[in-house]
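# Fold and geometry: a report
So you can see what is in the structure, the chains are spelled out below.
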Amino acid sequence: MWSEAFIAILAVFVGQSDVDQSAVESIDASHQWQYLQKGWQASRDSLHSGEFQMRAKMTRFKRMSDQPPYGLIDPLPAFNVTAVVAFDSISQSFYQTMTWGRDLGKSEAWIERDGKLFEWSDKDANGFVSIKLVSQPANPSWRKLDPRGFGLFGLSEIESDAESDLYSMSRSWFQDKLRPVRVAHAGDTYTANCKTPPITEGIPGYRIDLVINEAKGFSIEECRYIIDVPENTIPDVAINVEWQEIDDVWVPVKVSGTEKSGLAEWDAQLNWTSVNQTVNPEVFEYEKHESTKDKYVVDARLGQDAMFIVDRVGDKDFVAPSLPTERGASRRISFALIVAVNLLILAGLGRWFYRKTRI
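Calculation rules
Residues numbered from 1 in each chain as written. Predicted model: local features only at pLDDT ≥ 70, side-chain atom pairs only at ≥ 80, totals over all residues. Heavy atoms only, no water. Disulfide = S-S within 2.5 Å. Buried < 20%, exposed > 50% of the residue type's maximum accessible area, 1.4 Å probe, protein only. Core = buried A, V, L, I, M, F, W, Y, C linked by side-chain atoms within 4.5 Å. Helix = DSSP H or I, 4+ residues; strand = E, 2+ residues; numbered from the N terminus. Contact = heavy atoms within 4.5 Å. Phe/Tyr/Trp six-rings, centres within 6.5 Å; stacked < 30°, edge-to-face > 60°. Lys NZ or Arg CZ within 6 Å of the ring centre and 35° of its normal.

### Focus: the state of the cysteines
Structurally, a disulfide amounts to a covalent bond that connects the sulfur atoms of two cysteines. All told, the structure shown has zero disulfides when counted by the stated rule. Its sulfur unpaired, Cys-194 is 9.0 Å from the next cysteine sulfur, which belongs to Cys-223. The exposure class of Cys-194 is buried, given its relative accessible area of 2%.

### Points about the nonpolar core
Within the largest apolar cluster, 56 residues are counted, with the highest numbers of intra-cluster contacts made by Leu-152, Leu-210, Tyr-225 and Trp-272. It is strand 2 (residues 72-88) that contributes the most residues to this core, six residues altogether. Those residues within four positions of Tyr-225 in sequence are excluded, and the remaining contacts are Leu-152, Phe-153, Trp-173, Tyr-206, Arg-207, Ile-208, Pro-235, Asp-236, Val-237 and Ile-239.

### A look at unusual backbone geometry
Phi is positive for Glu-231, which is not a glycine, with a value near 65 degrees. Turning to its location among the elements, Glu-231 is positioned in the loop between strand 10 (219-227) and strand 11 (237-246). In this model, Asn-276 sits at a positive phi of 55 degrees, which is unusual for a non-glycine residue. Looking at where Asn-276 falls in the secondary structure, it is placed in the loop between strand 13 (264-275) and strand 14 (296-299).

### Some thoughts on the side chain of Thr-292
Inspection of the secondary structure puts Thr-292 in the loop between strand 13 and strand 14. The contacts of Thr-292, once residues within four sequence positions are left out, are Trp-120, Val-129, Tyr-286, Glu-287 and Val-313.

### Topic: the environment of Asp-267
Counting through the fold element by element, Asp-267 comes out in strand 13. You can call Asp-267 partly exposed: its relative accessible area is 23%. It is 9.2 Å that separates the C-alpha atoms of Asp-267 and Thr-59, two residues lying 208 residues apart in sequence. Here Asp-267 is in contact with Arg-55, Ala-56, Lys-57, Leu-155, Lys-254, Val-255 and Ser-256, once residues within four sequence places are set aside.

### Focus on the environment of Lys-195
Among the secondary structure elements, Lys-195 is positioned in strand 8 (residues 189-195). Separated by eleven residues in sequence, Lys-195 and Tyr-206 place their C-alpha atoms 5.7 Å apart. Once residues within four sequence positions are removed from consideration, Lys-195 is found in contact with Lys-177, Leu-178, Arg-179, Val-181, Tyr-206, Arg-207 and Asp-228.

### Comments concerning the packing of aromatic side chains
In total, this model carries eleven aromatic pairs according to the counting rule given. Taking the centre distance of 6.0 Å and the plane angle of 65 degrees together, the rings of Trp-173 and Tyr-225 count as edge-to-face. You can see Trp-173 sitting in helix 3 (residues 166-177) and its partner Tyr-225 sitting in strand 10, a full 52 residues away along the chain. Looking at Trp-173, the relative accessible area reads 14%, which means it is buried. These aromatic residues form a ring-pair network of at least three members: Trp-33, Trp-40, Tyr-167 and Phe-174. Taking the ring centre of Tyr-167 as reference, the NZ or CZ of Arg-171 above it sits at 4.6 Å.

Have a look at this one:
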């Protein structure tokens, strides 16, 4: 019969062994995670420039009940997207045109260059080219489609009005938010189980499971976000990415997944036309695009209440007004808009009168 004292001593040693083993596993996971971090960062940074077209769609579902089986019904198209993206990350020049909406009826284009964001409608013959600051909140930007950020994030950022930089967000999460709990290694594949801190007080963080392929440039092939509450195993977000090596660089070619435990699903195909090749610099000049011809250029960096016209595309005789004060800016653009609208009306009336006189 074991003595109670011996059992107590044995329990202490066994408990200490478990603690030591847990500490060893934690250190090992941390070392392997650092290795994956560096490999992922180096591989993503090797993509300097490129051009691709992306077709994407998201569908939402209504839930029949709050208890499983939920029974998803009534698919609701959230958006369809056709985007053309060109970028040169070294010169910080980016171009994106996007046709999106439920029926692909909304068309917009953006150029990001020298800390400025140039925005206009890609199809509308009227309207303006607006100059904004890249850092202004809620500005649409090509960075929502930065291919270097796919894997840890999916397509929600396209629909979001918030400013989203997929690559910067991914770097931040890798470096600051993700805490490795366990890292397993089999062949070229690493499976990393991580956690994030609570989002806010009373709102739990996530358990995030990643599948990273070392042979494919440390690319993230699978990502699962699970709300970190006891006994929860249903992913709130699931992301799958297919990668292809083009000119010695691994780039995403397909991104798919589900969100809100299956209440939304999305799919995107990326067709690359160049990777790390020189992009025609005229792509990053709004004046060179046919869709900006004759548009007025409006500086909106002081905000919507302080905009002013600075140029007209293709009009060499246009004289830009002097830079206004913030107080007088709105009156300046109001006057310029009135003049521009009246000129268009007069031109239309003249054309109508000319046709009437020839009948």
